[in-house]
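Each chain is listed here by its residues.
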Amino acid sequence: MLTLECPYCGVKAEETELAPGYEAHLKRHGPGSTDEAFEAYMFARKNPKGVHFERWRHAYGCGKWFLAARDTATLEVFGTYPAQSSGPPAELIEKIKAKRPDWKGF
Amino acid sequence: MKRYSVFALAREALSYHMGWERAWRSPQPKAAYDAIIVGAGGHGLATAYYLGKNHGITNVAIIEKGWLGGGNTGRNTTIIRSNYLQDPSAAIYEKARSLYETMSQDLNYNVMFSPRGVMMLAQTHHEVRGYLRTAHANALQGVVTEFISPTRVKELCPILNIDGPRYPVLGALWQPRGGTGRHDAVAWGYARACSDMGMDIIQQCEVTGVRSEGGQVTGVETTKGFIGCKKMGIVVAGHSGQVADMAGFRLPVEAVALQALVSEPIKPCMDVVVMANTVHGYMSQSDKGEMVIGGGTDGFNNFTQRGSFHHIEETLRALIETFPMISRLKMLRQWGGIVDMTGDRSPIISKTPLGNCFINCGWGTGGFKAIPGSGWAMAELMAKGEPGPLAAEFNMWRFKEGRFIDESVAAGVAH
């Protein structure tokens, strides 16, 4: 079972305690943006076979959204970090690069 | 190709069944083909078959990373139905269902299509309204369905508990011509017919790159070397995004795991397919006697072909109220497939930014039932370069234009 550590309350939460929220760090587009940018925001997803950054909510715990880095091909979890981040923390990226030398980067 | 028949069976019996030929050839790839189809699952093989049968294009290679029909074609719950709400969906799924009816004769291969009837239970008032609407829509679309009463539900499926305390059965959407088929046989039958037309099915051959020049695909790099082509079709389900990435464009799909499981085999107790979408589970009985059970997808991106254990528990817990008799059944096997989900839960059969490259993907959780219709529409698109009436609405630009075929709202779940 997938286990993620909530960066807020520190609980190692099992999957049944969590609600998935798909891809993280999407750039929000709205009125005034081009059709292409809005379509990309709404529907285009990286959907990588490998390192993926995604949103999760500790639904049956503290209730807060957080972000996680996970490998979609092996289900390995690299780490979690707070949702108030514009990108993955540098040390997490270093950790992933050490484990996945072929990874193209965030 | 030697035809299969009762006489062939008798003839081969005389030589202890040692004389049967291989159902399809396993050739090495040629240097180039008129058309390459990536993915030898049901949809890819059906595309190749109708390219040959309907359009006379037989210099075709079907390239498969693993083994033929080893992906979602071998991992589904074999349900065939076409009771969709939206017109484009109903048209292509009904085409597929009607082709299933004659597929065994057409392919000279027994795909064991069993039109035993599919019922989708209405267990909330919202669902009653929804299915009444679908039944009316189906009447206009020429798809034979009807909304039936709980009494009739009980007659058709006596093991159903229609008076459950939480979700009583209030009625059902009944499609008498829906049913099940033998999933592997569909892939095998198409493969045999394609091979007979002179097409090359190349298994254990992974596409590692797509070569293009001036906006046209010239061929694919594979683990068995470069293979040239004049046209390319991508029909790879869960890995559509990866192959599209090689071709240099992005798709609005995400890959998630969908699971199914079977129980120990028991005596015949259920001769229809029952789907319970409110509690999110569906069940039918296979010819071997196993109860074949499916549920919902996992909620996160996943390429591992195995799903979360707690989803199995959720599905079974939900079904036990509706089918109390399964509470003591032992479950034998569980498996997962990687399905490619689009934003509106409808498929993509489309041209791409590359002029001679076409894509068929996004069937999500409902691919098996669509195999012949999907292949028919995709073959027309590949042969003519323009979509026919079945495929026109399913182009990949509908997301930009806001012309969704919104089956996620219409079907809710399990579709």
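Structure: see above.
The paragraphs below set out a description of the structure included in this document.

**So, the interface of chain A and chain B**
In step 1: Contacts between chain A and chain B engage 19 residues on the former and 19 residues on the latter.
In step 2: It is helix H1 (residues 35–42) of chain A that contributes the most residues to the side of chain A that touches chain B, three residues altogether.
In step 3: Residue composition of the side of chain A that touches chain B, grouped by class: nine nonpolar, four polar and six charged.

**Describing the environment of Lys-49 of chain A**
In step 1: Within the secondary structure, Lys-49 of chain A sits in the loop between H1 and strand S4 (51–57).
In step 2: For the pair Lys-49 of chain A and Arg-70 of chain A, spaced 21 residues apart in sequence, the C-alpha to C-alpha distance is 10 Å.
In step 3: Residues in contact with Lys-49 of chain A, not counting those within four places in the same chain, are Thr-72 and Ala-73 of chain A together with Gln-242 and Phe-303 of chain B.

**What about unusual backbone geometry?**
Residue and element names in this part refer to chain B.
In step 1: The backbone of Tyr-16 shows a phi angle near 55 degrees, a positive value even though the residue is not glycine.
In step 2: Mapped onto the elements of the fold, Tyr-16 is located in the loop between helix H1 (6–13) and strand S1 (32–38).
In step 3: The class of Tyr-16 is exposed, set by 7 C-beta atoms lying within 10 Å.
In step 4: Backbone geometry at Thr-78 places phi at a positive 60 degrees, although glycine is not the residue there.

**A closer look at the sheet that holds strand S3 (residues 19–23) of chain A**
Residues and elements named next belong to chain A.
In step 1: If you trace the four strands from one edge of the open sheet to the other, you get S3-S4-S5-S6, paired in antiparallel fashion. Unpaired on one side and paired on the other, S3 and strand S6 (77–82) mark the two borders of the sheet. Taken over all neighbouring pairs, the strand axes of this sheet differ in orientation by 30 degrees on average, direction set aside.
In step 2: Pairing of strand S5 (residues 65–71) with S6 involves five bridges; the strand directions are antiparallel. Residue Phe-66 lies in a different strand from S6, and its bridge partner there is Pro-82.
In step 3: Its contacts with the sheet place helix H2 (residues 90–99) against S4, S5 and S6, and it is angled at close to 170 degrees to S6.

Definitions and cut-offs
- Residues numbered from 1 in each chain as written.
- Chains lettered and ligands numbered in written order.
- Predicted model: local features only at pLDDT ≥ 70, side-chain atom pairs only at ≥ 80, totals over all residues.
- Contact = placed C-beta atoms within 7 Å.
- Helix = DSSP H or I, 4+ residues; strand = E, 2+ residues; numbered from the N terminus.
- Nonpolar A, V, L, I, M, F, W, Y, C, P; charged D, E, K, R; others polar.
- Buried ≥ 20, exposed ≤ 12 C-beta atoms within 10 Å, placed from the backbone.
- Pairing = 2+ DSSP bridges.
- Axes fitted to C-alpha atoms, helices over the stretch in contact; angles between N-to-C directions.

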